[in-house]
Amino acid sequence: MKNINAHFRILSLLAWLILLTSCQSEITLSTPSGVMIGNIQEHHVEFLGIPYANAPVGDLRWQAPVPKAPFTEPYSAQQFQAACPQFAQMNSVFNSNEDCLFLNVWRPINHQENLPVMVFLHGGGLATGAGSENRYNGQTLAINQNVIVVSLNYRLGYLGFLSLPELTQEQGHSGNYGFLDQNLALQWVNNNIKSFGGNPNQVTLFGESAGANSACLHLASPLSQDLFHNVIMQSQGLYSSCVNTLASQQESEALGEAFADIVDCKENTLQCLRDKSIFRLNLSLFTKGYQNGPIHTSAALPLRANLDNYFLTQQPITVFQKGRGAHKNILMGVNKNEGTLFASFDQDIENESQYAQALKEQYPLNHQQVTALYPFSEYTNGNQAMADVLGDETFVCRSQQLAQYLVRGGSQLYFYHFTQSIDSYMQSALSLFGGNGMALGTFHASEIPYVFGVESIFGKLDEEAMVTSNLMQELWGSFSYHNKPSTTFPQPIWPLYDALTGSILNINHQLTISGGLKQEKCQFWKQLGA
């Protein structure tokens, strides 16, 4: 009998512990979108994998996203959901789940009202990535800065940006579906975030690379103007840069027709494309030689932003010159070695002759001027020289050119230059994908773990790196609170960016102020139309 009683007591204790753990680990929240069940962690609360739109499948493939109806039963928002299909992943021929329009919310555990909200748009060339990636985990930023962090998925590649005459005829416009997903997610935030303790009137939209470009395009879009208040752009440039002249609807449709031809949908095009599975579409691309590595994402299929007269009614630069973005506060910047990650996958440039030939192929009409600005003798090897050329042309100078347009249009803007030395772990990781072995330095996207305060494939943050991370989080967080970045550390005050002097903040474990960044080189690229 004693053993039975003891056994019963143990079972009762275990049942109580399980119940207690369950009570402590879950939270139920009522929102305009319905009742949701989230996770309670030690210092934060998280709601993961919340659907903000219906699955864009069948006739909804290549349509504006349809808002998800409110839940009729409690929804379990306790784990991440599927990333959107992406051709540029090496295993993406098997990544075919189009039910992918989810977002994630992190907040500090102490429930407060009217916290600033930071909505993050991931990078990846509009072809790869997901808001659920570990490097974008918002818990540390939310805890340290007492803000609410939101990340999200949006349609990518041909699913997000295909334009066709048939689609334009059907909808009055076509393309930009990935941006419309982002817009709907921002609408969801405005409608629901108050239930999480957030202030819908204090939303900062921030993103990196293609996510920064996306944020910039929302700054220019009439559909998004009232959905956010501050903007942070980390390393905007390259594809769909706001500085570029975007493709017209007709030009974008021509690219879409070329895509349809590649995947054997030249006849009855739209129905054919909607009937084919993602597996079949991707398989057609692979078998016809459109393989892409993990860095050079879908450059063979340049389906990107276009001037559709709906999401974008004017060229972004025209909008900014007219001062339409002047009521937003802007923080933006670039990394010291933006070009190395991309150049590391190019052919190894061993000597000056190969460097000269590479420049001649890349810039047939201006290679001598480029050589004069970037002489081989100033670099340890040709790879580093080409990386500098690429980084300046596509990121450093385009970002500064955009900053000048925005400031002249009346925006208050802060510009940074991220220079923190990065752990060399990434170098060995790249070698697995055939990198040419060049030193990466402070490469493109290397600031992300510092902003979010998380470990990633870029390596563990050591003591010095943690100082930099804490500084960046505080600068980003204070910007979301007060519309200008500041820090409690004994550091210089970050001055507003001026189109003439180009004052910038250099960010590593110590902050310094300096004048214009690569002004002579950027003037050259501006004249060249970069």
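Preceding block: the structure.
Q: Mind showing me how you'd approach the overall build of the protein chain here?
A: In terms of regular secondary structure, the protein chain is built from 18 helices and 15 strands. Taking all 530 residues of the protein chain together, the buried fraction comes to 58%. When contacts within the protein chain are restricted to residue pairs at least 6 apart in sequence, long-range pairs at least 24 apart make up 76% of them. In the structure as shown, the protein chain presents an accessible area of about 21,800 Å², 52% of it carried by carbon and sulfur atoms.

Q: Whenever I open this one, the pattern of salt bridges confuses me. Can you help?
A: Two side chains with opposite charge may pair up if their charged atoms get near one another. Enumeration according to the criterion identifies six salt bridges in this entry. Residue Glu98 pairs with Arg61 through a salt bridge whose shortest N-O separation is 2.7 Å. With Glu98 in the loop between strand S4 (75–76) and strand S5 (102–108) and Arg61 in the loop between strand S3 (44–51) and S4, this pair connects stretches of sequence that are 37 residues apart. The same class applies to Glu98 and to Arg61, which are both buried. A salt bridge links Glu170 to Arg274, with the nearest nitrogen and oxygen atoms 3.0 Å apart. Separated by 104 residues along the polypeptide, Glu170 in helix H4 (residues 165–171) and Arg274 in helix H8 (residues 269–275) bring together distant segments of the chain. Here the residues in one salt-bridge network are Asp388, Asp392 and Lys518, joined through shared partners.

Q: Hey, could you run me through helix H17 (residues 463–482) in this one?
A: Given 3.6 residues per turn, any residue in an α-helix points the same way as the ones three and four places further on. With 20 residues, H17 should cover 28 Å at 1.5 Å per step; its first-to-last C-alpha distance of 28 Å lies within 8% of that length. Here H17 starts with a cap whose side-chain oxygen sits 3.3 Å from the backbone nitrogen of Glu464, and that cap is Asp462. Among the residues trailing H17, Asn483 stands out with phi positive, at a value near 70°.

Q: Is there a simple way to explain the packing of helix H14 (residues 382–408) against helix H18 (residues 519–528) in this structure?
A: For any two helices packed against each other, one specifies the inter-axial angle together with the distance between the axes. Taken N-terminus to C-terminus, the directions of H14 and H18 make an angle of 85°; their axes are 9 Å apart at the nearest point. Taken together, H14 and H18 sit at an angle that is classed as roughly perpendicular. Along its contact with H14, which presents Asp388, Val389, Asp392, Glu393, Val396, Cys397, Gln400, Gln401, Gln404 and Arg408, the element H18 presents Lys521, Cys522, Trp525 and Lys526. Here the residues of the contact of H14 with H18 are counted per class, giving five nonpolar, three polar and six charged.

Q: Please explain the state of the cysteines as it appears in this structure.
A: What the rule picks out here adds up to four disulfides. Note that Cys397 is cross-linked by a disulfide to Cys522, the S-S spacing being 2.2 Å. In this structure the cystine formed by Cys397 and Cys522 twists about its S-S bond by roughly -80°; its chirality is therefore left-handed. With Cys397 in helix H14 and Cys522 in helix H18, this residue pair connects regions lying 125 residues apart in the sequence. As far as burial versus exposure is concerned, Cys397 and Cys522 are alike and both buried. Sequence-ordered numbering of the bonded cysteines in the protein chain gives a disulfide pattern of 1-2, 3-4, 5-6, 7-8.

Q: Can you help me understand the pairing of strand S2 (residues 34–40) in this one?
A: Moving residue by residue along a regular strand, the side chains alternate between the two faces of the sheet. Most of S2 sits out of view: five of its seven residues are buried. Bridge count between strand S1 (residues 26–31) and S2: six bridges; the pairing is antiparallel. Bridging across to S2, Thr28 finds its partner in Ile37. Bridge analysis of S2 against S4 gives two bridges, and the strand direction is parallel. Note that in S4 the partner of Ile37 across the bridge is Ser76. Relative to S3, S2 runs antiparallel, the two sharing two bridges. Each residue of the ladder has a partner; that of Ile40, found in S3, is Val45. Counting the residues that bridge the hairpin from S2 to S3 gives three residues.

Q: Please clarify how the pairing of strand S7 (residues 148–152) should be interpreted in this entry.
A: Burial analysis of S7 places five of its five residues in the buried class, the great majority of the element. Residue alternation in S7 divides its side chains into two sets, Ile148, Val150 and Leu152 and Val149 and Ser151, and both sets are buried. As defined by bridge partners, S5 adjoins S7 across four bridges and the pair is classed as antiparallel. In the sheet register, Asn104 faces S7, and the bridge partner there is Ser151. Relative to S7, strand S6 (residues 115–121) runs parallel, the two sharing four bridges. Pairing of Val117 across the sheet is with Ile148, part of S7.

Q: Just checking my understanding: could you explain helix H6 (residues 210–220) for this structure?
A: Burial analysis of H6 places 11 of its 11 residues in the buried class, the great majority of the element. Regarding H6, the residues found buried are Ala210, Gly211, Ala212, Asn213, Ser214, Ala215, Cys216, Leu217, His218, Leu219 and Ala220.

Q: When you look at the packing of aromatic side chains in this model, what are you seeing that I'm missing?
A: Centre-to-centre distance and the angle between the planes together describe a pair of aromatic rings. The tally for this structure, following the rule as stated, stands at 21 aromatic pairs. The interplanar angle of 45° and the centroid separation of 4.9 Å between the aromatic rings of Phe120 and Tyr136 together place this pair among those described as tilted. Residue Phe120 is found in strand S6, and its partner Tyr136 is found in the loop between S6 and helix H2 (139–145); the two are separated by 16 residues along the sequence. Judged by its relative accessible area of 1%, Tyr136 is buried. On the basis of an interplanar angle of 45° and a centroid distance of 5.8 Å, the ring pair of Tyr355 and Phe376 is categorised as tilted. Placement of Tyr355 in helix H12 (residues 352–362) and of Phe376 in the loop between helix H13 (367–373) and H14 is noted, with a sequence separation of 21 residues between them. For the pair Tyr355 and Phe376, a shared accessibility class is recorded, and that class is buried. Of the aromatic side chains, those joined through ring pairs into one cluster are Phe120, Tyr136, Phe206 and Phe452. Across the ring face of Phe228, the terminal group of Lys328 is positioned such that the distance to the ring centre comes to 4.5 Å.

Q: Quick question: what am I supposed to make of the side chain of Asn199 here?
A: On the secondary structure map, Asn199 appears in strand S8 (residues 198–208). Using a relative accessible area of 13% as the deciding quantity, one classes Asn199 as buried. Not counting residues within four places of it along the chain, the set of residues in contact with Asn199 comprises Asn114, Leu115, Val117 and Ile193.

What counts and what doesn't
- Residues numbered from 1 in each chain as written.
- Predicted model: local features only at pLDDT ≥ 70, side-chain atom pairs only at ≥ 80, totals over all residues.
- Heavy atoms only, no water.
- Helix = DSSP H or I, 4+ residues; strand = E, 2+ residues; numbered from the N terminus.
- Buried < 20%, exposed > 50% of the residue type's maximum accessible area, 1.4 Å probe, protein only.
- Contact = heavy atoms within 4.5 Å.
- Areas by Shrake-Rupley, 256 points an atom, 1.4 Å probe, with all protein chains shown as cover.
- Salt bridge = Lys/Arg side-chain N within 4 Å of Asp/Glu carboxyl O.
- Expected span 1.5 Å × (residues − 1).
- Polar contact = N/O pair within 3.5 Å; in protein donor to acceptor, adjacent residues only side chain to side chain.
- Axes fitted to C-alpha atoms, helices over the stretch in contact; angles between N-to-C directions.
- Parallel < 35°, antiparallel > 145°, perpendicular 65-115°, else oblique.
- Nonpolar A, V, L, I, M, F, W, Y, C, P; charged D, E, K, R; others polar.
- Disulfide = S-S within 2.5 Å.
- Pairing = 2+ DSSP bridges.
- Phe/Tyr/Trp six-rings, centres within 6.5 Å; stacked < 30°, edge-to-face > 60°.
- Lys NZ or Arg CZ within 6 Å of the ring centre and 35° of its normal.

The quantities given are spatial measurements derived from coordinates; they are silent on function.
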